[in-house]
Amino acid sequence: MNRYGLGPRLDKSTLDRVQKQLVDNSVDVGDDVLECSLIDNERGGTFYVKFSRLETVMRVWDVHCSWWDFEFKRQGERELTALQLAAKAGVICPEVLASGQVDMYQKLRHYMVTRYIDGARDDDWEEKEPPERFARIAVRILKKLSSNSNLTAEALVGQGLLRDGQSISDFPLPYMPEHHDILKYLREKALEINEPHIIAAVEKVSDMFTDVEPLPCGPCLVHSDLHPGNLLLDKEFQLLSVVDWEEAAISDIRIDLAQACLACDNRDLIWTLFEEETGMSLGSAMPWQALVALMRFMVSAQIDWYESQGREVPDKNLSGWESLCGDAEELLISWDILPNPGSPGSA
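Residues numbered from 1 in each chain as written. Predicted model: local features only at pLDDT ≥ 70, side-chain atom pairs only at ≥ 80, totals over all residues. Heavy atoms only, no water.

### Topic: the sheet that holds strand 8 (residues 231-233)
Within the open sheet, the three strands sit side by side as 6-8-9. Their pairing is antiparallel. At either end of the open sheet lies a strand with only one pairing partner, and these are strand 6 (120-121) and strand 9 (239-242). Relative to strand 8, strand 6 is paired through two bridges, and the arrangement is antiparallel. Across the sheet, residue A120 finds its bridge partner in strand 8, namely L233. (Pairing = 2+ DSSP bridges. Helix = DSSP H or I, 4+ residues; strand = E, 2+ residues; numbered from the N terminus.)

Here's what the structure looks like:
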């Protein structure tokens, strides 16, 4: 290891190029790199980089699985676009100072540099505040996201995020505005895997949506991974930033609500608070929680299928998925959407 990072992961020449772009962007970083250390080695890496006049965080993306698109390959563009939309909605998120591509492991990878935020993730404060804190912060965030809604292709053109004449398939974020768009994707993947219990699970979740009505606000930006670990707070527990937008998409706000509910000890609290504060009638939370759990489980099912076919899995960080997908599978079993592996006739 040297003062520029971990061996070839982030070397001096790479940092010099990044520093030059920051200067070209009129960011006053000073002349020297004083420190570079690895914060997180998942999916390329997240680094703390301290220049002589500025502290920053640099994220570098590798290809990884996504519950919206198993082989998604546009992580850098995706997070940058999500941050733009989040800012338009008034959500506090990292300030992007530079972005581009760097050569790591003999491959060009997208990177993004943001201003360093001196805060702690909400789950670091877990012992000091009641669990309702996350619910109330989450509702404030989700209210803002839902306010920048009805994000049709025309609206995205109007916001300068899609060029006139471009197809929505060219948009960097997955675009699944309604639940039936997500179910169509999951059904296609289930048929590809061709496991009867997975095909049946998709149909069971689909049946839950028989009476679900679309919301008047229309599709909006969803974070898709809103939990205490993705909230940075100060010592007074005030929100400093919402981070990790790499799973963001355009969809129904109830996807984010359901995800946040599953991250909360009281699964009904966030749903109820959002209804009270917005006046929206959301319907039952259960179909949406089941849909979110099925999206996560499907990643695990596709990993297993890839390996059974002798195909290379696009994400090298499988340990993180194992925990997340395992929790989702347990929920689906408890809701009788998936069979219990230990029960008679489940094989």
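### Considerations on empty space enclosed by the protein
A water-sized probe, rolled over the atoms, reveals where empty space remains. On inspection of all chains with the given rule, the structure shows one cavity of 30 Å³ or more. Approximately 30 Å³ is the volume attributed to the largest cavity. For the largest cavity, the full set of lining residues is W67, W68, S224, I255, Q259, V292, M295 and R296. It is helix 9 (residues 286-308) that provides the largest number of residues to the lining of the largest cavity, a total of three residues. Residues belonging to the lining of the largest cavity are distributed by class as follows: five nonpolar, two polar and one charged. (1 Å grid on protein atoms, 1.4 Å probe; cavity = no way out; pocket = protein on both sides within 12 Å on 5 of 7 lines; lining within 4 Å. Points joined across faces, edges and corners; volume = space filled by probe spheres on them. Nonpolar A, V, L, I, M, F, W, Y, C, P; charged D, E, K, R; others polar.)

### Considerations on the pairing of strand 9
The pairing of strand 8 with strand 9 spans three bridges and is classified as antiparallel. Among the inter-strand pairings, L231 is bridged to a residue of strand 9, identified as V242.

### Remarks on helix 6 (residues 196-207)
Under the 1.5 Å per step criterion, the end-to-end length of helix 6 is 17 Å for twelve residues, consistent within 8% with the ideal 16 Å. Looking at helix 6, one finds that the buried residues are I198, A201, V202 and V205. Angularly, the buried residues of helix 6 cover 95° about the axis, an arc narrow enough to put them on a single face. Exposed residues pointing more than 90 degrees away from the buried face of helix 6 are listed as P196 and D207. Buried positions along helix 6 lie against helix 5 (179-193) and helix 9. (Expected span 1.5 Å × (residues − 1). Buried < 20%, exposed > 50% of the residue type's maximum accessible area, 1.4 Å probe, protein only. Arc of directions from axis to C-beta. Contact = heavy atoms within 4.5 Å.)

### Some words on the environment of L191
Within the secondary structure layout, L191 lies in helix 5. For L191, a relative accessible area of 53% gives the class exposed.

### Focus on the confidence of the model for the protein
Here the protein shows a mean pLDDT of 86. Residues at 70 or above account for 86%. Mean pLDDT across the elements of the protein ranges from a minimum in strand 6, with 75, to a maximum in helix 6, with 97. Below a pLDDT of 50 lies the segment residues 1-8, which in the model reaches 13 contacts outside its immediate sequence neighbourhood of four places, other chains included. (pLDDT = per-residue confidence, 0-100.)

### A word on the nonpolar core
Side chains that are nonpolar tend, in soluble globular proteins, to be buried together. Within the largest apolar cluster, 90 residues are counted, with the highest numbers of intra-cluster contacts made by L221, W245, I270 and L291. Not counting residues up to four positions away in its chain, the partners in contact with L291 are H179, I182, L183, L186, V205, F209 and I255. Counting 19 residues, the second largest nonpolar core, distinct from the first, contains L10, F51, L54 and M58. (Core = buried A, V, L, I, M, F, W, Y, C linked by side-chain atoms within 4.5 Å.)

### Focus: the side chain of D252
Locating D252 in the fold gives a position in the loop between strand 10 (249-251) and helix 7 (253-262). Look at D252 and you get buried, because its relative accessible area is 8%. Only 2.8 Å separates the side chain of D252 from the backbone nitrogen of R254, close enough to count as a polar contact. What D252 contacts, discounting residues up to four positions off in sequence, is M176, P177, L215, V222 and W288. (Polar contact = N/O pair within 3.5 Å; in protein donor to acceptor, adjacent residues only side chain to side chain.)

### Side note on the pattern of salt bridges
Pairing is possible between side chains that carry opposite charge, provided their charged atoms lie close to one another. A full pass over the atoms with the stated rule returns twelve salt bridges. Across the pair R59 and D244 runs a salt bridge whose closest N-O atoms are separated by 3.4 Å. Of the two residues, R59 sits in strand 3 (residues 55-61) while D244 sits in the loop between strand 9 and strand 10, which places them 185 residues apart along the sequence. Residue classification places R59 among the buried positions, given a relative accessible area of 13%. D244 gets classed as partly exposed once you look at its relative accessible area, which sits at 23%. D252 is the partner of R254 in a salt bridge, and the nearest nitrogen-oxygen pair spans 2.9 Å. Each of R59, E79, D244 and E246 takes part in salt bridges that share partners, so that together they form one network. (Salt bridge = Lys/Arg side-chain N within 4 Å of Asp/Glu carboxyl O.)

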